[in-house]
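Below are the chains, spelled out letter by letter.
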Amino acid sequence: MLQSFFILCSGADKNLLEGCSEGEKTKYVGIGATVFFTAVMAFLASAYALFTVFDSIYPAIAFGIVWSLLIFNLDRFIVSTIRKRDRLSSEFLQATPRIVLAIIIAIVISKPLEIKIFEKEINTVLLKEKNAMALNNKKEVATYFKSDLDKNKAEITALKNEITDKEKEVNTLYETYIAEAEGTKGTMKLGKGPVFKEKIAKHNLASAELDTIRKNNLAKIAEKEALNKNLQADLDKKVTETQPIIDGFDGLMARINALNKLPWLPSVFIMLLFLAIETSPIIAKLLSPKGEYDFKLEDLETALKTTLEQDKYQRSLLLKTSAEMHDKVYQDIATDKQLYDLQRKNATNLLELQSHNFLEKQKKTL
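Just so it is clear, the structure is predicted and the values come from calculations on it, not from any experiment.

Run through helix 1 (residues 2-10), naming residues and quoting values.
Of the residues making up helix 1, those classed as buried are F6, I7, C9 and S10. The arc enclosing the buried residues of helix 1, seen along the axis, measures out at 155 degrees, which places them on a common side. Count one or two residues on from helix 1 and you reach G11, which has phi positive near 80 degrees.

Structure representation (structure tokens):
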């Protein structure tokens, strides 16, 4: 049963192989097994590749089955259409397009499995890229909010500086009228004279202005600090909203790019391994000598070709003979006097009718 299945996979004619030796059957069983296991590898590779895209096992398995059947059909077609010829060069020339196709298939199959084999190394590369992307994202978001934050901070600083400057002015006026009262500065007279009253009035006015400025500026500072908190909250929210996009940077293309950043030699060896697996049925077919199956197949093909050529030749002779016979028959009819007179009479009647019809049309136009 297993032998019959692998012979089916090889694309060989089971009826022709029935009368062949066991060695010939074994050769095609091996070719069919290679075709089958290549399709199995294609299923695993494509299913894993689609699983990284959809994160769901069901579409991955469905596409994997379709892809493996496609690869199986292509491989079976490639192997079954190669015919053994008298010269290896002509066989190789015949197989060249199929070998190119096999190389393309091998590359397509090997890439997803490379991603799976080097998964840990790829995860490390992706982690570094995600961290860099997260830092750049924070910088970009902070730059977006920076102008508003800096403007508010500058305005808060200006309001605080205005309070500080007024406090310094009040303190200076306080020291001035105290020194005037003590007689250490100003008029240098001890006591609370007119100058003292003038200076303390200036101090009281400045102190009242300080209270007003402090009250107004502290209210404005509170508003701007609240606005700063809102801007900072928006900044943090923006970073939080964009972080899942960065965390989701784990698709098939990202993994392929990460794989390309790893050392290339291991990937080349894996690709060569799949290339050897994919091209092995073709190479085995090319290198194997002509066997019983090939001779039987050639016999059937040449017999069919001969039959078709004979049928074609017979049809051409039939056409040629029939044409000659009809030429002779019509030549004999042309010399018949009775048929000639009848044809002449009919032609005369037809010409008379045409003449009368033409005359009637001419009368209508006048």
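An account of the environment of L126 is requested, with residue identities and associated values reported.
Tracing the chain through its elements places L126 in helix 6 (residues 119-182). Judged by relative accessible area, L126 falls into the buried class, the value being 3%. Spatially, the C-alpha atoms of L126 and F249 are 7.9 Å apart, while their sequence positions differ by 123 residues. Beyond its immediate chain neighbours, meaning those up to four positions away, L126 contacts F249, D250, A254, R255 and A258.

Could you give me a rundown of empty space enclosed by the protein, with the residues and numbers involved?
Within the structure shown, the criterion is met by one cavity of 30 Å³ or more. Every residue lining the largest cavity is listed: T38, M41, I109, F274, I277 and E278. When contributions to the lining of the largest cavity are tallied by element, the ones reaching two or more residues are helix 3 (22-54) and helix 9 (264-287). Residue contributions to the lining of the largest cavity peak at three residues, all from helix 9. Each residue belonging to the lining of the largest cavity can be placed in one class, and the counts come to four nonpolar, one polar and one charged.

Describe in detail the environment of D13, supporting the description with residues and values.
Mapping D13 onto the fold places it in the loop between helix 1 and helix 2 (14-18). By relative accessible area, D13 is classed as partly exposed at 32%. Sequence spacing of D13 and S80 is 67 residues, and the spatial spacing of their C-alpha atoms is 9.2 Å.

Tell me what's going on with the nonpolar core, and back it up with residues and numbers.
The biggest cluster of nonpolar side chains holds 20 residues, and the ones touching the most others in it are I109, F118, I122, L259, L262 and F274. Elements that contribute at least two residues to this core include exactly helix 3, helix 5 (88-117), helix 6, helix 8 (252-260) and helix 9. Excluding anything up to four places from it in sequence, F118 contacts L259, L262, P266, S267 and I270. The next biggest cluster of nonpolar side chains, apart from the first, holds eleven residues, and it includes F6, I7, V29 and I31.

Describe in detail the side chain of S68, supporting the description with residues and values.
Mapped onto the fold, S68 is located in helix 4 (residues 57-81). Residues within four places of S68 in sequence aside, it is in contact with A39, A42 and F43.

Describe the packing of helix 1 against helix 4, listing the residues and the values that go with them.
Two numbers describe how helix 1 lies on helix 4: the axes approach to 8 Å, and their chain directions differ by 80 degrees. The orientation of helix 1 relative to helix 4 falls into the category roughly perpendicular. When helix 1 is examined against helix 4, the residues L8, C9 and S10 are found in contact with a partner set consisting of F72, R76, V79 and S80. Residue composition of the contact of helix 1 with helix 4, grouped by class: four nonpolar, two polar and one charged.

Describe the packing of aromatic side chains, with residues and values.
For the structure on display, the rule yields five aromatic pairs. With centroids separated by 5.2 Å and ring planes inclined at 70 degrees, the aromatic side chains of F36 and F37 adopt a geometry described as edge-to-face. Taken together, F5, F6, F36 and F37 form an aromatic cluster joined through their ring pairs.

Rules of the game
- Residues numbered from 1 in each chain as written.
- Predicted model: local features only at pLDDT ≥ 70, side-chain atom pairs only at ≥ 80, totals over all residues.
- Heavy atoms only, no water.
- Buried < 20%, exposed > 50% of the residue type's maximum accessible area, 1.4 Å probe, protein only.
- Helix = DSSP H or I, 4+ residues; strand = E, 2+ residues; numbered from the N terminus.
- Arc of directions from axis to C-beta.
- Contact = heavy atoms within 4.5 Å.
- 1 Å grid on protein atoms, 1.4 Å probe; cavity = no way out; pocket = protein on both sides within 12 Å on 5 of 7 lines; lining within 4 Å.
- Points joined across faces, edges and corners; volume = space filled by probe spheres on them.
- Nonpolar A, V, L, I, M, F, W, Y, C, P; charged D, E, K, R; others polar.
- Core = buried A, V, L, I, M, F, W, Y, C linked by side-chain atoms within 4.5 Å.
- Axes fitted to C-alpha atoms, helices over the stretch in contact; angles between N-to-C directions.
- Parallel < 35°, antiparallel > 145°, perpendicular 65-115°, else oblique.
- Phe/Tyr/Trp six-rings, centres within 6.5 Å; stacked < 30°, edge-to-face > 60°.

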